[in-house]
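# Observations on chain architecture
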Amino acid sequence: MKICAARARPAHQFGNDNMDEKKREQLLEEISDPNFNLSYFTDLAAADQKFRDFAVREMLNHKHIMVYYHCYYIAEAAAESFPDLMYEYWDDIEKLLKHKNSYHRNFALSILARLSKADTGNKMNKCIDDYLLPLHDVKFMTADFCIQNCALICVYKPELSGKIVSAIIDSIRRGKRTERQNSFLAGTAITVFGSFYESYGNKKQLIEFAEENQNGGSPKTRKIAKAFLKKFESAE
């Protein structure tokens, strides 16, 4: 759960001067606080490029989990609220897709999906194959996280939706995970497909996948599949 506790707002002025080590350590201490004020730091990121640089840099490079994870929360919230200001960091964040740490791979999946809204350079179109690699990640929940975030890309970059949907379905049908895990991923996928069903061209592809999963696998996925079919199949 993201921390957004109400507390006194620390006074940070970056200006044009370089941040000295004492100021950096003070800022890192505040950010690593379990009750750090996410809203305040997101607002600071909106107002100050030097702080945006700082937050992204620490997310990418800091070794302490409470620092890099909270900097991720800041970067993710910033990408959600003002993707145009965060777009310049795309290339550095994209490199995290192949990071050895699954947390960092997840950071890239979430932030890049949000930045695709401002993707005037079609960077997502160029890196989509790398973006979809986590569908086969050794970490099962990273695959699930990838599917979840594909929903935003399919909305912001509809020209990629066909490739994305086919990759998701193929990864589940041919996946080497347990039946239970594949069923769980199918439930996530069907939920995601429902978020852009109306604008998707090949609706038959989505219906067929839901039909495949309405009678097998986990009870939760069966319920999701049946609800999907009830909502959309009758409209066809």
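Computed from a predicted structure; not experimentally measured.

Take the overall build of the chain next. A count of helical and extended segments in the chain gives 13 helices and zero strands. Its helices and strands in sequence order give the chain the pattern α-α-α-α-α-α-α-α-α-α-α-α-α, from N to C terminus. For the C-alpha atoms alone, the extent of the chain along its principal axes is close to 60 × 35 × 30 Å. Burial statistics for the chain: of 236 residues in total, 49% are counted as buried. Taken as a whole, the chain presents about 12,300 Å² of accessible surface, with 49% of it coming from carbon and sulfur. Across the chain, the 34 positively charged side chains and the 32 negatively charged ones have centroids separated by 5 Å.

Our next topic: helix α10 (residues 161-173). With 13 residues, α10 extends 18 Å between its outermost C-alpha atoms, agreeing within 8% with the 18 Å of an ideal straight helix rising 1.5 Å per residue. All of the buried residues in α10 are Ser161, Ile164, Val165, Ile168, Ile169, Ser171 and Ile172. Buried residues of α10 fall within an arc of 160° about the axis and therefore sit on the same side. On its buried face, α10 sits against α8 (123-132), α9 (140-156), α11 (179-195) and α12 (203-212).

Summed over the entire model, instances satisfying the criterion amount to zero disulfides. In this structure Cys146 is not part of a disulfide, and its nearest cysteine sulfur, from Cys150, lies 4.3 Å away. Residue Cys146 is classed as buried on the basis of its relative accessible area, which comes to 0%. Not engaged in a disulfide, the cysteine Cys154 finds its nearest cysteine sulfur in Cys150; these two sulfurs lie 6.1 Å apart.

Right, let's talk about the packing of helix α1 (residues 21-32) against helix α4 (residues 65-81) for a bit. Interhelical geometry of α1 versus α4 gives an angle of 80° and a closest axis separation of 8 Å. For the element pair α1 / α4, the angle class is roughly perpendicular. For the pair formed by α1 and α4, the contact residues are Leu28, Ile31 and Ser32 on the first element and Met66, Val67, His70, Cys71 and Ile74 on the second. Here the contact of α1 with α4 is composed, by residue class, of six nonpolar, two polar and no charged.

Another point: α4. In this model α4 runs 24 Å from its N-terminal to its C-terminal C-alpha over 17 residues, within 8% of the 24 Å that 1.5 Å per residue would give. Summarising burial for α4: 12 of the 17 residues are buried, a large majority. Looking at α4, one finds that the buried residues are Val67, Tyr68, His70, Cys71, Tyr72, Tyr73, Ile74, Ala75, Glu76, Ala77, Ala78 and Ala79.

Before going further, it helps to examine the pattern of salt bridges. This structure, assessed with the given rule, holds 14 salt bridges. When salt bridges with common partners are traced through the structure, they connect Glu21, Arg24, Glu25 and Glu58 into a single cluster.

Locating Asp92 in the fold gives a position in helix α6 (residues 90-94). Since its relative accessible area comes to 36%, Asp92 is described here as partly exposed. Taking C-alpha positions, Asp92 is 31 Å from Asn182, a pair spaced 90 residues apart along the chain.

The rules behind the values
- Residues numbered from 1 in each chain as written.
- Predicted model: local features only at pLDDT ≥ 70, side-chain atom pairs only at ≥ 80, totals over all residues.
- Heavy atoms only, no water.
- Helix = DSSP H or I, 4+ residues; strand = E, 2+ residues; numbered from the N terminus.
- Buried < 20%, exposed > 50% of the residue type's maximum accessible area, 1.4 Å probe, protein only.
- Areas by Shrake-Rupley, 256 points an atom, 1.4 Å probe, with all protein chains shown as cover.
- Lys, Arg positive; Asp, Glu negative; His and termini not counted.
- Charge placed at Lys NZ, Arg CZ, Asp CG, Glu CD.
- Expected span 1.5 Å × (residues − 1).
- Arc of directions from axis to C-beta.
- Contact = heavy atoms within 4.5 Å.
- Disulfide = S-S within 2.5 Å.
- Axes fitted to C-alpha atoms, helices over the stretch in contact; angles between N-to-C directions.
- Parallel < 35°, antiparallel > 145°, perpendicular 65-115°, else oblique.
- Nonpolar A, V, L, I, M, F, W, Y, C, P; charged D, E, K, R; others polar.
- Salt bridge = Lys/Arg side-chain N within 4 Å of Asp/Glu carboxyl O.

Any functional reading would require information beyond the geometric quantities listed.
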